[in-house]
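Observations on the three-dimensional arrangement
Residue strings, one per chain:
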Amino acid sequence: GDSVTQMEGPVTLSEEAFLTINCTYTATGYPSLFWYVQYPGEGLQLLLKATKADDKGSNKGFEATYRKETTSFHLEKGSVQVSDSAVYFCALSDRSGNTGKLIFGQGTTLQVKP
Amino acid sequence: DAGVTQSPTHLIKTRGQQVTLRCSPKSGHDTVSWYQQALGQGPQFIFQYYEEEERQRGNFPDRFSGHQYPNYSSELNVNALLLGDSALYLCASSFPSGESSYNEQFFGPGTRLTVL
C-alpha cells in the first residue's frame, strides 16, 4: 500500500541555519502531498501542500517541491528560528475510496537553538 | 469562526473499560476523520464519516466504532480498552469537492487517552 518515509530525527540546528527534512513516498497513483507541523501539546497544522508533479508548496519561509521522478517532497527553509522547533510530518492523500485519507510519515523533530 | 473542537482534552481509563471521544467539525465542514497518534509516531487513519455513514476504514479492529450526527459532529467509541490504545486521538474535518484528495483536513487539538 501507499506509504511515506521521513528522515529520522531529532534534527538540531542553530538559529538561521538551513533546514532540509527528507521525505519520500510510495503510491500507486498520483497523490497530493503535504507537510504538517505539530507544536508541543497541540494538534496538526497544515504547513504547505502540492497537488501535482513539479508543484512547489510554500508557507512561512518553508518550501517543498513535488518530485515525481524521485518520489520525494523534501521540506526546506533557508533560515530557521527558535519558534520553528516542532515535529514535522510528511503526508500523502490516498485517493482510494475517494475520501482523501491522509497517510503520514513517522515525523521528524526539529530543535532550533539560539 | 471556531475550528475543530474535541472533548475531553485528557482521559484516563483502565483496561477493559469503554471510552467515547467527541468532535465538532469546523463550521461548514460535513466530513469527519479520526486518527490515532501513538507516542513518537505519525497519525494512523481510523475511519471517516460522511452523511452519517462510515465511508472508509483503516486497519483498526471492530472495537473501534464511530457515529456522526445530523449536525456533523462525531464520536469515536473504543470498547474493551487495551494498554496499546493509549494515544492521542485526533479528529479532522473537511468538506467534499470535485477532487476529494485535494481537500485540506483541519485538525483538532486531540484527546490524550491513557489506559492503565
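Residues numbered from 1 in each chain as written. Chains lettered and ligands numbered in written order. Predicted model: local features only at pLDDT ≥ 70, side-chain atom pairs only at ≥ 80, totals over all residues. Heavy atoms only, no water.

1. As for the sheet that holds strand S8 (residues 74-78) of chain B
Residues and elements named next belong to chain B. Taken in spatial order, the 4 strands make up an open sheet running S1-S3-S8-S7, and their pairing is antiparallel. If you trace the sheet from one side to the other, it starts and ends with strand S1 (5-7) and strand S7 (64-68), each paired once. Taking each pair of neighbouring strands and ignoring which way they run, the sheet shows an average axis angle of 20 degrees. Bridge count for S1 against strand S3 (residues 19-24) is 3 bridges, and the pairing is antiparallel. Bridge assignment links Thr-5 to a residue of S3, and that residue is Ser-24. (Pairing = 2+ DSSP bridges. Helix = DSSP H or I, 4+ residues; strand = E, 2+ residues; numbered from the N terminus. Axes fitted to C-alpha atoms, helices over the stretch in contact; angles between N-to-C directions.)

2. Here we look at the state of the cysteines
Covalent bonding between the sulfur atoms of two cysteines defines a disulfide. All names here are of chain A. Within this structure, the stated rule accounts for 2 disulfides over all chains. The partner cysteine of Cys-23 in its disulfide is Cys-90, sulfur to sulfur 2.0 Å. Taking the torsion about the sulfur-sulfur bond, which here is approximately -70 degrees, the covalent link between Cys-23 and Cys-90 counts as left-handed. Taken together, the residues Cys-23 in strand S4 (residues 23-26) and Cys-90 in strand S10 (residues 86-94) connect sequence positions 67 residues apart. (Disulfide = S-S within 2.5 Å.)

3. Considering the sheet that holds strand S9 (residues 75-77) of chain A
Residue and element names in this part refer to chain A. Taken in spatial order, the 4 strands line up as S3-S9-S8-S7 in an open sheet, and their pairing is antiparallel. Two strands lie at the open edges of the sheet, namely strand S3 (19-21) and strand S7 (56-59), each paired on one side alone. Here the strands of the sheet are splayed against their neighbours by 15 degrees on average, with no regard to which way each runs.

4. Describing the nonpolar core
If you look at the biggest cluster of nonpolar residues, it comprises 26 residues, and the most contacted ones within it are Leu-19, Trp-35, Leu-48, Phe-73, Leu-75 and Tyr-88 of chain A. At the level of secondary structure, the elements contributing two or more residues to this core comprise strand S2 (11-14), S3, S4, strand S5 (32-38), strand S6 (44-50), strand S8 (62-65), S10 and strand S12 (108-113) of chain A. Broken down by element, the residue count for this core peaks at 4 residues, all from S10 of chain A. Residues contacting Leu-75 of chain A, with those up to four places away along its chain left out, are Leu-19, Thr-20, Ile-21, Trp-35, Leu-47, Leu-48, Phe-62, Glu-63, Ala-64 and Tyr-88 of chain A. Of all hydrophobic cores here, the second largest spans 20 residues; its members include Val-19, Trp-34, Phe-64 and Val-78 of chain B. (Core = buried A, V, L, I, M, F, W, Y, C linked by side-chain atoms within 4.5 Å. Buried < 20%, exposed > 50% of the residue type's maximum accessible area, 1.4 Å probe, protein only. Contact = heavy atoms within 4.5 Å.)

5. Side note on unusual backbone geometry
Put simply, Gly-9 of chain A and Pro-10 of chain A share a cis peptide bond, and its omega is 0 degrees. With respect to the helices and strands, the residue Pro-10 of chain A is situated in the loop between strand S1 (3-6) and S2. Cis geometry is found at the peptide bond from Ser-7 of chain B to Pro-8 of chain B, where omega equals -10 degrees. The phi angle at Glu-52 of chain B is positive, at roughly 65 degrees, despite the residue not being glycine.

6. Considerations on the pairing of S10 of chain A
All names here are of chain A. The element S10 is extensively covered by neighbouring structure, given that 8 of its 9 residues are classed as buried. Relative to S10, S5 is paired through 7 bridges, and the arrangement is antiparallel. Paired with Phe-34 across the two strands is Ala-91, which belongs to S10. Where S10 and S12 come together, 3 bridges link them in antiparallel fashion. Note on S12: the bridge partner recorded for Tyr-88 is Thr-108.

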